[in-house]
Each structure stands twice: as C-alpha cells, then as structure tokens.
Amino acid sequence: MALKHVNAVIVGAGAGGGVAAKELASAGLSTVLLERGQWYSAADCRKDDLLNQRTCVLGNAFGPDEARNPRVHVDDDGREQVVLAREFGYSNVAACVGGGTFSYGAQAWRYMEKDFRMRSTYGAVAGSTLEDWPITYDDLEPYYEKAEWEMGVSGDDSGNIFKAPRRRPLPMPPLSPNLEYRILEPAARRLGLHPFDIPMLRNTVQYNGRSACMRCRWCAGFACEVNARTGTHNTVIPVALATGNCELRTGCMVKEILLDDRGRATGVAYFDGRDELRRQTADVVVVSGSAVESARLLLNTKHRLFPNGLGNRYDWVGRNLQSHAYPAAMGLFDHDTYDDLGPGAQLAVSDYNHGNPGLAGGAMLANEFIRLPYQFLDRIPPSVPRWGAAHKEFVRKAYKRTVVVTGPVQEMPVFNIRVQADPKVKDYWGVPVARISGRKHPHTMEIQRYIATKAEAWMKEAGANLTWTTLHPPMAVGGQHQAGTCRMGDDPKTSVVNRFCQLHDVDNVFVMDGSVHVTNGGFNPALTILAMAYYSSDNLIKKWKGTRLR
Amino acid sequence: MPKWNGFGRRKFLGMGLAASGAATLVSCGRVKGPSWRFFTDDQSLTIQAICEQLIPPGRGPGAAEAGVPNYIDRQLTLHLKRHQQAYRQGLATVDNLSRQRFGGRFVQLSWVQQTQVLMDLEKRATPFFNLIVAHTMQGFYGDPRHGGNRDGASWKMLGLPFPPVRGRIKYESKAS
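So, here's what we can say about the structure.

About the cut-offs
- Residues numbered from 1 in each chain as written.
- Chains lettered and ligands numbered in written order.
- Predicted model: local features only at pLDDT ≥ 70, side-chain atom pairs only at ≥ 80, totals over all residues.
- Heavy atoms only, no water.
- Helix = DSSP H or I, 4+ residues; strand = E, 2+ residues; numbered from the N terminus.
- Buried < 20%, exposed > 50% of the residue type's maximum accessible area, 1.4 Å probe, protein only.
- Contact = heavy atoms within 4.5 Å.
- Areas by Shrake-Rupley, 256 points an atom, 1.4 Å probe, with all protein chains shown as cover.
- Lys, Arg positive; Asp, Glu negative; His and termini not counted.
- Charge placed at Lys NZ, Arg CZ, Asp CG, Glu CD.
- Pairing = 2+ DSSP bridges.
- Buried area = accessible area lost by both parts, 1.4 Å probe.
- Salt bridge = Lys/Arg side-chain N within 4 Å of Asp/Glu carboxyl O.
- Polar contact = N/O pair within 3.5 Å; in protein donor to acceptor, adjacent residues only side chain to side chain.
- Axes fitted to C-alpha atoms, helices over the stretch in contact; angles between N-to-C directions.
- 1 Å grid on protein atoms, 1.4 Å probe; cavity = no way out; pocket = protein on both sides within 12 Å on 5 of 7 lines; lining within 4 Å.
- Points joined across faces, edges and corners; volume = space filled by probe spheres on them.
- Nonpolar A, V, L, I, M, F, W, Y, C, P; charged D, E, K, R; others polar.
- Parallel < 35°, antiparallel > 145°, perpendicular 65-115°, else oblique.
- Left-handed = near helix turned anticlockwise from the far one by under 90°.
- Core = buried A, V, L, I, M, F, W, Y, C linked by side-chain atoms within 4.5 Å.

**What about the overall build of chain A?**
Logical step 1: Across its full length, chain A holds ten helices and 20 strands.
Logical step 2: If you line up chain A on its principal axes, its C-alpha atoms span 70 × 50 × 45 Å.
Logical step 3: Across the 550 residues of chain A, 66% fall into the buried class.
Logical step 4: The long-range fraction of contacts in chain A, counting pairs at least 24 apart against all pairs at least 6 apart in sequence, stands at 74%.
Logical step 5: Taken as a whole, chain A presents about 18500 Å² of accessible surface, with 50% of it coming from carbon and sulfur.
Logical step 6: Across chain A, the mean location of the 64 positive side-chain charges is 1 Å away from that of the 58 negative side-chain charges.

**Overview of the pairing of strand E17 (residues 418-426) of chain A**
Logical step 1: Across five bridges, E17 of chain A lies against strand E18 (residues 432-437) of chain A in antiparallel orientation. When the sheet's bridge partners are listed, arginine 418 of chain A is paired in E18 of chain A with serine 437 of chain A.

**Remarks on the interface of chain A and chain B**
Logical step 1: Facing 34 residues of chain A, the contacting portion of chain B comprises 46 residues.
Logical step 2: A buried area of about 3500 Å², summed over both sides, lies between chain A and chain B, and 55% of it is on carbon and sulfur atoms.
Logical step 3: Among the residues chain A hides against chain B, the three largest losses belong to Arg46, Trp387 and Lys392 of chain A. Together they make up 24% of the total.
Logical step 4: Among the ionic pairs, arginine 386 of chain A bridges to glutamate 122 of chain B, the shortest N-O distance being 3.3 Å.
Logical step 5: In this assembly, chain A and chain B are joined by 19 residue pairs in polar contact (both at pLDDT 80 or more).
Logical step 6: At the level of elements, helix H7 (373-376) and helix H8 (389-398) of chain A are the ones that each hand at least two residues to the side of chain A that touches chain B.
Logical step 7: Ranked by residues supplied to the side of chain A that touches chain B, first place goes to H8 of chain A with six residues.

**A few points about the sheet that holds E17 of chain A**
Residue and element names in this part refer to chain A.
Logical step 1: Read across the open sheet, the four strands follow the order E4-E3-E18-E17; overall the sheet is mixed. What marks the edges here is a single partner per strand, and that holds for strand E4 (80-83) and E17. Within this sheet the neighbouring strands show an average axis-to-axis angle of 35°, counted without direction.
Logical step 2: With three bridges connecting them, strand E3 (residues 71-74) and E18 associate as parallel partners. Bridge pairing links valine 72 to arginine 435 in E18.

**Quick word on the layout of surface pockets**
Residues and elements named next belong to chain A.
Logical step 1: The volume enclosed by the second largest pocket comes to roughly 680 Å³.
Logical step 2: If you go around the second largest pocket, you meet 32 residues; those closest to its centre are Tyr40, Ala61, Gly63, Pro64 and Asp65.
Logical step 3: Among the residues forming the lining of the second largest pocket, the class breakdown is twelve nonpolar, ten polar and ten charged.

**Considering the packing of helix H3 (residues 68-75) of chain B against helix H6 (residues 127-141) of chain B**
Residues and elements named next belong to chain B.
Logical step 1: Running from N to C, H3 and H6 point in directions that differ by 110°, and their axes come no closer than 8 Å. When the axes of H3 and H6 are compared, the pair comes out roughly perpendicular. Relative to H6, H3 is oriented so that their crossing is right-handed. Residue-level contacts link Val68, Tyr71 and Ile72 of H3 to Ile132, His135, Thr136, Gln138, Gly139 and Phe140 of H6.
Logical step 2: A per-class count over the contact of H3 with H6 returns five nonpolar, four polar and no charged.

**A few points about the environment of threonine 281 of chain A**
Residue and element names in this part refer to chain A.
Logical step 1: Tracing the chain through its elements places threonine 281 in strand E10 (residues 277-287).
Logical step 2: Along the chain, threonine 281 and leucine 3 lie 278 residues apart, while their C-alpha atoms are 7.6 Å from each other.
Logical step 3: Leaving out residues up to four positions away in the same chain, threonine 281 has contacts with Lys4, His5, Val6, Thr266 and Gly267.

**With respect to the nonpolar core**
In summary, soluble globular proteins display a tendency toward joint burial of nonpolar side chains.
Logical step 1: Residues Leu140, Ile257, Val268, Leu310, Met488, Val509 and Met532 of chain A are the most contacted members of the largest nonpolar core, which totals 84 residues.
Logical step 2: At nine residues, the largest contribution of residues to this core is made by helix H10 (residues 526-547) of chain A.
Logical step 3: The next biggest cluster of nonpolar side chains, apart from the first, holds 56 residues, and it includes Ile380 of chain A together with Ala66, Val117 and Met157 of chain B.

This is a description of form; function is not addressed.
Next comes the structure, spelled out in structure tokens:
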C-alpha cells in the first residue's frame, strides 16, 4: 500500500535531521523522519568500556549494524580494504535517533568569525580547496543562540577574549571545577593564556524538564544515565513528535532520492525494518545523513539528467571530506590528578585558534574526558615498553597521575579526500557502499605539530615531570566530526548547495548536516551543525510559505 | 582503598555462572573441564603462557589468573571471530620460533626464554603479535562481563572507585 504523501521527508535523525524535524513540523509541514538505526533510551545505557561509540574494539553500541553496513577504505598506498564500523578508516558516526548527539562528549562550540572566512584571512593554500563560507558568523549568530537556549548549553566563556560576539550569555552555569581543571587553570594564566569553562550541551541544573549531570566517568561514547546530556533525541525530536505533524520511522535505510522526469525530487525510496522497499513521496527532501552517508545517498541517486549522481554535475559531491586532526600532550605528575569527577573535559583555551605565526588556522585546546583503564593504554609514553612488567607497573603508577590536553585542528580541505559510491562493494540491501580515500594536507600535519608543542608547554607549566605528545596519522578519516562533502557556496561550479543549503541542481532537496561546512573550524562541530539546521530550516520554511517549493 | 564489597569473587563467579550457564568463566586451565570454546587444550596452554608474559603477576594477578585467556577464547567466537585464523597461525608460529631458538615448544621454555621469543616476535612486527597484545590488554583492563579482568582485578589494582557506575550497586555481568 502506498504511503501517505507528506510535505517533507527527512533522511537521518541526528543533529541536523532532528532540528529540521522540529522546525518543519512546528511550522505545520507534515513530516516523516527516517532513521536507519534505533531509538535508544537511558535504559539502554549499559556502560561497557570495550563496546561503545568511542572505544569500539568489540563493536559500536549505537550502530550502525556492522555486518549490514561495510565501507571501503583506500589507504595511502592505494590498497583498498572493506572495513567494519569499529575500524578507524570507516569514519563512523553513530546510527541511531539522536545520531552522534546521543553519545557524544557534547562540547557546544560556536565557530569564530575567521572560521567562516578562512580564504580571506589566510589566502590560498596550495593543494587545498580552502574557501570562505557564503554566509558569515553574523548570519548564523541568532541560530547559535537559538540552539543554545532551546536545547540547553552550560558553561562560561566570559573569560574567552577571542570568542565571537554573542548577544546572550549561556543559559546554564558550568560544572564545578574538577582536579584537572584546578591544576591546569592557574598554569594557563601563568603562560598568559585565557582559560575558561567549555560550553557543553549538558544540563548542570534542571533545564527543559531534564535533570543535572551526576558527573559520572562514563560520558563521551556512552548513553547518559540520567538524561542530563543533551542531544536531538531528548529535545527537538520529542517536540517534533508532539506537534502531531511528524512521524519518526526507525530501522529505515534510504536507498535513493526519487526524481521525476524533469529531475525534481518526489520523495525517497527506502528499505523498512522488514527489508521491504517503500516509497515515501514528499514535496521536499532533507538529507541529514552526516557527511559520508549524505554524499553516498546523493551519489547513489542516478537520473538521466544527473548521470553522476544528484547535485554532482561539477563533481563536487563527496569531495573535501574533513574531520579534525587531534594532537595531544600527556603529562605525568607526582601527585594524583584523578578525582573521578566526570565528564572530565572542562577547561579550554582559544588562544591558538588563529594568529599562529605562519599557520592557516589552529585549534582550541582542552583537557580530555576521563580515561577509562583500557582507554588509558593509548596514553602511554613511547619510552615505556608495550608489554611486560614495566608496562603494568607504569599503568599502575600513572593511571591516576596523568593529564591529557588535546584539541581539534582545523583541517585544510583537500579535493581528493573524498567519498565515492564504491563500484563493487554493496551493503546488505544491495546499495553501493561509501568508499573513502585521501591523505591529510601537509599543512594540517604542520598545524598539528605546532599545537602539540603548545599543549606540551601548558602541561610542563602545570608541573608535569614527564611529558609526551601524539599526533593523528596522515591518513584521512571522517570520524565523528565528519564534514565538508556537500560544500555550500554561491557558485554552482564549485559547490553543491547554495547559501540556504539547497542543492544547486534541484531546489526541493536540502542538505542539513556537517556536509555543507566549507571549513570545519578548530572546534567540535555539533553546535554549528545544530545552528545551521535551524538556519536552513528557517529559510526552507520561508520559501515554503511563498511557493511550497513547486 | 576503594570498597569492592558488592563485587567479591564469589559473587562475581556466581553472576558469571548465571550469565553463561556453564562453568565457562573458570575455564582458564586451572580448573578441570574441557570448556574452551575456540582453543584446543594445547593452544590454551600456549595462550596462557603468552598472556602471562604480556602482563605478569605482581601487585595483583597476572593476565592468566585474571582470566585473559578466557576473554580471548570467548571473543574469538563472538566479536573477534574474524581473527580465528590469525590465532591458529600465530600460535603455530610462536611454537616454531621457540623450537628454532631453544629447541622446545613455547610452554616448555623458561620464563627468560619465553620473553626472548616474544621480543623476537615483536621485532618482526607480525600482525598476530599486535593482536594478542591488544586483546590481552582488553581482557585485563576491560570490563569483566566479557570474560576477563576476573573479579575486577585490574580496576582494583588501579584503585578505581567502586561502583563502576555511580548510583548502581548492582553491576550487570552479562555480556551482550
């Protein structure tokens, strides 16, 4: 039986799709929200240090289903390999209602003005497609504010002299300082830096009917025990459903966007939870599958008018895949640094985001989330053997005496770091899988090294008697911060969507997720994805009211 | 010292028995029973010896006593199935190397000789060595519900506050 026609169908119930569902449904559009994963709750929040979204050596807790959703990763030597969701090259982001926001660390950063104007600020960088966004920070500011107040952000960035101007402060105060904060904060001040409390999508007091954080050690990668961490699953999606205009269907894997003879979208074809192929017709299609899957969906949508995939007339879909390179500095202290007060990450400096001599960009630096024992093994200095009595003894002595400072380096976009539809490998439903290839820009590596030295200097000032650093490898991965594959721009020849996140090719298809980011800031991207979805939905609704996009 | 009252050895074993329905958690060779899922009895002895080298006793149990071989055995039939062949070949390689260098199977060598063999293996950077180091660390430092870290041994060694999840006295031991 044919499904009832709706005004809008949204593909993916993550950060972007969740906000879009709430905005469109609240504006009176009948909406169907399709999600390939499941809707988990606090009752599903088994704390498993080997099987979660951050440490997934035994698998991912919140999807995607590993056997059904392989990908192909091509390494530096051109060797291609079928990879599972638990493997690094896969570039996984959770597949569930809430998407990444269900189990993330929840840092809620606004990008800075210069992050939207990277090309104007730094000029061309050879080998990079570095470009300005078609919109500015000022265009997005009201929507950042909307995300912060509607969903709920805690923290205090009043001490951050580098931040872009904001009209309203954050709605909730920060958590009280943990031990790492008290060690790092005075050291940062002695170095002339400007430390402040990280903004977080986490309740620190009751907000929106949900309780405050109980400060457990199981945060990033896990479901929140007390529903204090904020995602689209416990804010905008329930609101969307409560309007009566939105239907959420889980376990639904979208195969392609349906197009009529003229090349306009008429809905989507998807496999439902029983693997039956269904057609959901709609006036508007919103693609919110995250950077890898959104690009894959467009590329798998073939039509007489779009033989290389929808929106891909000039070969920009899937290009410029970005994430963040994460340099880190570790320090070993001769006193305890561990007080079991989660989530751990609390203190940041924004001194190194811009203005680094000779470098195009930089990174925010912050202390790391609590390291569970198995996670701690990644934080061992190279001078310690990998196994044996010395290894065990180091772990025993150092576990509660280390601090980690790390930060997301803004990556140089590269045309050849890309997502393609693989010509051979298919998923469980017979749809070509995403194929990821490319290598980080050398300048990204250079910025990483610079930021690592700054993090190490901070650690030394804090009194560590042994310090060491690590860098991300040159291999390109999307990961949880994936972005850039459906670039936003005014010129259809060098971008995929326009300044309203609407495909240049077909004006009733919108992309609302990290895919549209031209550059990805030196910050965790979640709040920007949320703000962009508010912004883009607002524009969609304005157009809808005039023309119904027909 | 943190309190681990709710999580004593007896209780843990009890939970484990309830969870897996058989005496599988006590199957690291010290206790009678043919309960290895993947390894042959011979292989299990080699695995125990390797694990014990990777995390030796001292300030608490070593890897074998902490049930790491049980973790690996169990996961090779569950989440780590795809590494079965690597283990079969890898264990054979370890014994071959032991024979070449010291004229006996790995389990027949002295502690120092065993260490030598593993250092050789590490130098060759074989995928198997990386796997068994990673899996041993997982089994020792990871959640007891997966078959290793018996009695929360490593978490006690590190002084990790109990209970593992704040506000939960009971801790699910059943693996998913």
